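Breakdown of the fold
Given next are the chains, with one letter for each unit.
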Amino acid sequence: MSNKPLVWKLALIAGVTLVAAAFTFPPQDRINLGLDLRGGSHILMQVDLESAVRYETDRVQTTLGQVLKADGIPHAAIVATEPGTVEVRGTDPSRRADLRERLDRVVRSWDADEIGGGNWRATMPTDYRRAVEIEAVDRTLATIRRRIDSLGVSEPVTSKAGIDGSRILIQLPGVEDPGRIKDILQDPAILEWKALTYPPSYGGDPGTWFPPASREEIVAQFGGALPDDTEIYPGDVRLADGTSGVVFWPLKRVSTVAGSDLRNAFRTSDEWGDAAVSFELTQDAGRRFEAATRENLGRRMAILLGGPTDKRVITAPVIEGVIRDQGIIRGGFDVTEAEDLALKLRSGSIPTDVHIIEERTVGPSLGRDSIRAGLTSGLAGFLGVMLFMLVYYRRAGINAVVALLLNIVLVFGALGALPFLFGASGVRATLTLPGIAGLILVIGMAVDSNVLVFERIREELSLGKTVRSAVEQGFAKAFATIFDTHVTTTVAALFLGFYGTGPVRGFAVTLIIGLIASMFTAVFVSRQLFEVVLHRHPTAETLSI
Amino acid sequence: MRLFSNTHIDFMRLARACIAASAIAVLASVAVVVVRGLNMGIEFTGGTELQVRYGDRPDVGAVRAALAAAGMTSQVVTTIGDPAEHEVYIRLGSREADARENPTERILAILRGTTDSRPDLNLADEATVAGLLAGAPGLSAEDARRVAEAILAARREQVIFRTLDDVAAIPGVPSAAIDALASGVTVGPLALRSQSYIGPAVGKELVTKAQLAVVGSMVGMLLYIWLRFQFQWGLAAVVALLHDVLVMLGLFSLFRQEMSLPVVAAFLTLVGYSVNDTVVVFDRIRELVKSQPSGDFPSVINEAINRTLSRTTITSFLTWIVVLALFLFGGEALRPFSFVLVFGIIVGTYSSIFVASPLLILWRRAPAKRAGAAVSGDAKPQAERRARKVRTSG
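Rules used throughout
- Residues numbered from 1 in each chain as written.
- Chains lettered and ligands numbered in written order.
- Predicted model: local features only at pLDDT ≥ 70, side-chain atom pairs only at ≥ 80, totals over all residues.
- Helix = DSSP H or I, 4+ residues; strand = E, 2+ residues; numbered from the N terminus.
- Expected span 1.5 Å × (residues − 1).
- Bend = angle between axes of the 7 residues up to and from the residue.
- Core = buried A, V, L, I, M, F, W, Y, C linked by C-beta atoms within 7 Å.
- Buried ≥ 20, exposed ≤ 12 C-beta atoms within 10 Å, placed from the backbone.
- Contact = placed C-beta atoms within 7 Å.
- Nonpolar A, V, L, I, M, F, W, Y, C, P; charged D, E, K, R; others polar.
- Axes fitted to C-alpha atoms, helices over the stretch in contact; angles between N-to-C directions.
- Parallel < 35°, antiparallel > 145°, perpendicular 65-115°, else oblique.
- Left-handed = near helix turned anticlockwise from the far one by under 90°.
- Pairing = 2+ DSSP bridges.
- Domains from an automatic or database assignment.

Compared with the 86 Å implied by 1.5 Å per residue over 58 residues, the 31 Å span of helix H11 (residues 364–421) of chain A between its first and last C-alpha is markedly short. A bend of about 140° at Tyr393 of chain A is the largest found in H11 of chain A.

So, in structure tokens, the structure goes:
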């Protein structure tokens, strides 16, 4: 037999090994440790799509109301009956064409129709709704990214997750106490301006009227029932005696300016030198704001801050002049509070509700312990297996040990190469604790293939075959079995990888890579090592196995 | 050195007894699971889980009482790991009240048992410590940052400080810093090792995903074995692995181990192993049936098992060494995972010899004469054809 193919095969093995080693070293640059090994926080947020749609509906309701009022088109009320549907009630049938024209202007792509009795209904079409939802997620993601960047966390990961992409995954390596960061990330920082609904009995000057300190009392001032367009919001006030209390503001359901209308915000100080926040509105919002402030001259307007469900009035100044697109918020802040609020407003509000639905924090001390435990157990298992193979199969055991070592190098090499294969060279493979467990299991799997082959060779030898033919047939006959066992395990691992999340997926990926590497090392590499021995001693009558 | 050379054990004589014994074991396991239930982790139920380390021996009863007093009644509180490390594991089920919000901070406040609002040096992050030190006399902002870093690095090693003396002993921490800390911080009784919060919606989703993964992989393997062998064999393999999974679930329930996603991964790995062992025996049965078409089926199976016996034993033993190392040295986080494999490999090895193969006979007793024809059916892997070629030419 010519040794030329053997040389080529050995060169191939050396080449594969070198490539794998090149992708493995330096390991700290190639392989990322997962948060469970290095410590850090993992946060999964759900973006509330329903309330994003509700916000858009609110905006349309406001705009429509202002347009109809400005153009003098009579109507009884504009009601958002459900998220995505706005009804204009009690219109004049003779102004039908005018109303249709305004509806077409404000809600161009909506389905708007007369539903009888001078009532009109405009419905948000599905693709419009989807666009609103996608934008809500995108803006939330962008906002969260800006906030994390301004916090100075190193190597953060933020990405969309979930089947419909409505979740946001945040990984913050090294963050041990996510409490403060969570507050900043979750705060929708939606700034809203709302006009007051004055109770019928307020009497006199709307600029000096102040709401009462209980919900019941304000309802009583309206004669027991609030008007349809009004809601009650709590607000903190500093009382004359220096203590603080809560009052309840009757405000219009519809906001003049909503979360997405802010262009910029800075910490500033007001004319008395107290910390305050100045803001700028977008052009469109500026126009709406101008109209609203003109309408409310001499009356109070409330500034609310918070999320869709827990807004609070932070201040309710008397409007002293028409404001277009710039203003200042005084809320009795200290400097840090004003700075934080400006940061949150500047980085953009989160346009809808977000909930943290999963949160994991691993302290770095535990991560360090896990790495130690993983390395210790891996090494112990590996040494045990190697020792057994060397004692039980003698020289052939060396063969198995080489194949095993190569297997591990290949797995690390493949992990290091994964980002290149998938074209994202900025992303690195991540080794997690279950990933280490997968690697340790691969040792067991890979050694099984060696055992299958060696046992088969022994069997063939005991039937009196020559060394060469025993090796050839041992490999040939064991191949079908090795193939079957690898495929069945890969099937299980594929399902795990597909349905598993995070660390479990890491386990499956490591296992699948290990299985592929094991096919190569136990079948091909191990065979060539036998060939080297056979080539040196072509007439050998015994084999150390 | 050889294990089991040329054995002629009549495994199939034990077929009925083994199948009966396995049936009883499976029924017993199902009964245990039904009666005791499975200890589902928060990944599936939703809830919160914390691992904390105390400086002194913790009083688990007091922790339970303190949490219950705060209305957290659906709790599990146990010590975990090496008792000398004083670690406590706390799990809270998700209840409507807690569902929307991670109660970790509330729990930590209860465990600290103090109303002192100063930061706790065992829980504070580096920025907080640096901020406190920045105001200390004799420390520049740069010093403060460096000292805070040294303190946090030491905490990573020691996990918990018992008193400020532990901090004073850290190299590079000047006494000015200790003075500043003495007035600015408390040194609480515990440190947070890890915490997880899983919302109820995520829990439901993960249950669905785990079920899909388990069912999907079983069906996938059934299909593969059907393709490579035939349907009855695939069914025998799947029955064997169902046996493994059910017996392990019984053991899991009996020992109150916690069900989590990594454990599901371990179960699927076990399924893979169990099928491996079965496939190795089946492969040999198919090969022998082809080479001795006249041999009677039970004795062919016996010979196949005997010939693969040393491989089965050695592989199982080696894999078992590996997972035992994982069980012993892999730490608490991987213990339920390695528990499944340590016991599962034993059960899986048993089932491929004593469950899957006897089933082939039971299902085949009637048409045993046609066995040869059926087995050498259409599925002929390339490797075998190649193997035959080698044999005829060599």
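To continue, consider the nonpolar core. Nonpolar side chains in soluble globular proteins generally cluster together in the buried interior. Ranked by size, the top nonpolar core spans 202 residues in total, and within it Val411 and Leu496 of chain A together with Phe267 and Val340 of chain B carry the most contacts. The element best represented in this core is helix H12 (residues 261–291) of chain B, accounting for 17 residues. Setting aside chain neighbours within four positions, we find Val340 of chain B in contact with Met248, Val263, Ala266, Phe267 and Leu270 of chain B.

Take the interface of chain A and chain B next. The partner chain B presents 64 residues to the 64 residues of chain A that form the contact. Among the elements of the structure, strand E17 (354–362), H11, helix H12 (433–462), helix H13 (467–499) and helix H14 (502–536) of chain A are those that each provide at least two residues to the side of chain A that touches chain B. Of the residues forming the side of chain A that touches chain B, the biggest block, 19 residues, is contributed by H13 of chain A. Partitioned by chemical class, the residues of the side of chain A that touches chain B number 32 nonpolar, 19 polar and 13 charged.

Residue and element names in this part refer to chain A. Running from amino to carboxyl end, helix H4 (residues 49–70) crosses helix H6 (residues 126–151) at an angle of 110°, the nearest separation of the two axes being 9 Å. By the angle between their axes, H4 is roughly perpendicular relative to H6. The way H4 lies across H6 gives a crossing that is right-handed. Contacts between H4 and H6 involve Leu49, Ala52, Val53 and Glu56 from the first element and Arg129, Val132, Glu133 and Ala136 from the second. A class-by-class count of the residues in the contact of H4 with H6 yields 5 nonpolar, no polar and 3 charged.

Time to look at the sheet that holds strand E16 (residues 326–329) of chain A. All names here are of chain A. The strand order across the open sheet formed by 3 strands is E12-E13-E16, and the pairing between neighbours is antiparallel. The open sheet has two free edges, formed respectively by strand E12 (262–269) and E16, since each of these has just one partner strand. Direction aside, the axes of adjacent strands within the sheet are offset by 25° on average. Across 4 bridges, the pairing between strand E13 (residues 275–281) and E16 is antiparallel. Each residue of the ladder has a partner; that of Phe279, found in E16, is Gly327.

Our next topic: H13 of chain A. All names here are of chain A. Spanning 33 residues, H13 covers 47 Å between terminal C-alpha atoms, matching the ideal 48 Å at 1.5 Å per step. For H13, the principal kink sits at Phe479 and spans about 35°. In terms of residue burial, H13 counts as a mostly covered element, since 27 of its 33 residues are buried.

Let us now look at the domain arrangement of chain B. Under the domain assignment used here, chain B contains domain 1 (11–41 + 200–389), domain 2 (47–114 + 194–198) and domain 3 (126–187). Spacing between the C-alpha centres of domain 1 of chain B and domain 3 of chain B amounts to 56 Å.

The next subject is the domain arrangement of chain A. Residues and elements named next belong to chain A. When its domains are assigned, chain A resolves into domain 1 (4–39 + 363–536), domain 2 (42–163) and domain 3 (190–346). Taken over C-alpha atoms, the centre of domain 2 sits 22 Å from the centre of domain 3. At the junction of the two partners, domain 2 supplies 9 residues and domain 3 supplies 9 residues. Ranked by residues supplied to the side of domain 2 that touches domain 3, first place goes to H4 with 8 residues. Along the lines of polarity and charge, the residues of the side of domain 2 that touches domain 3 split into 1 nonpolar, 6 polar and 2 charged.

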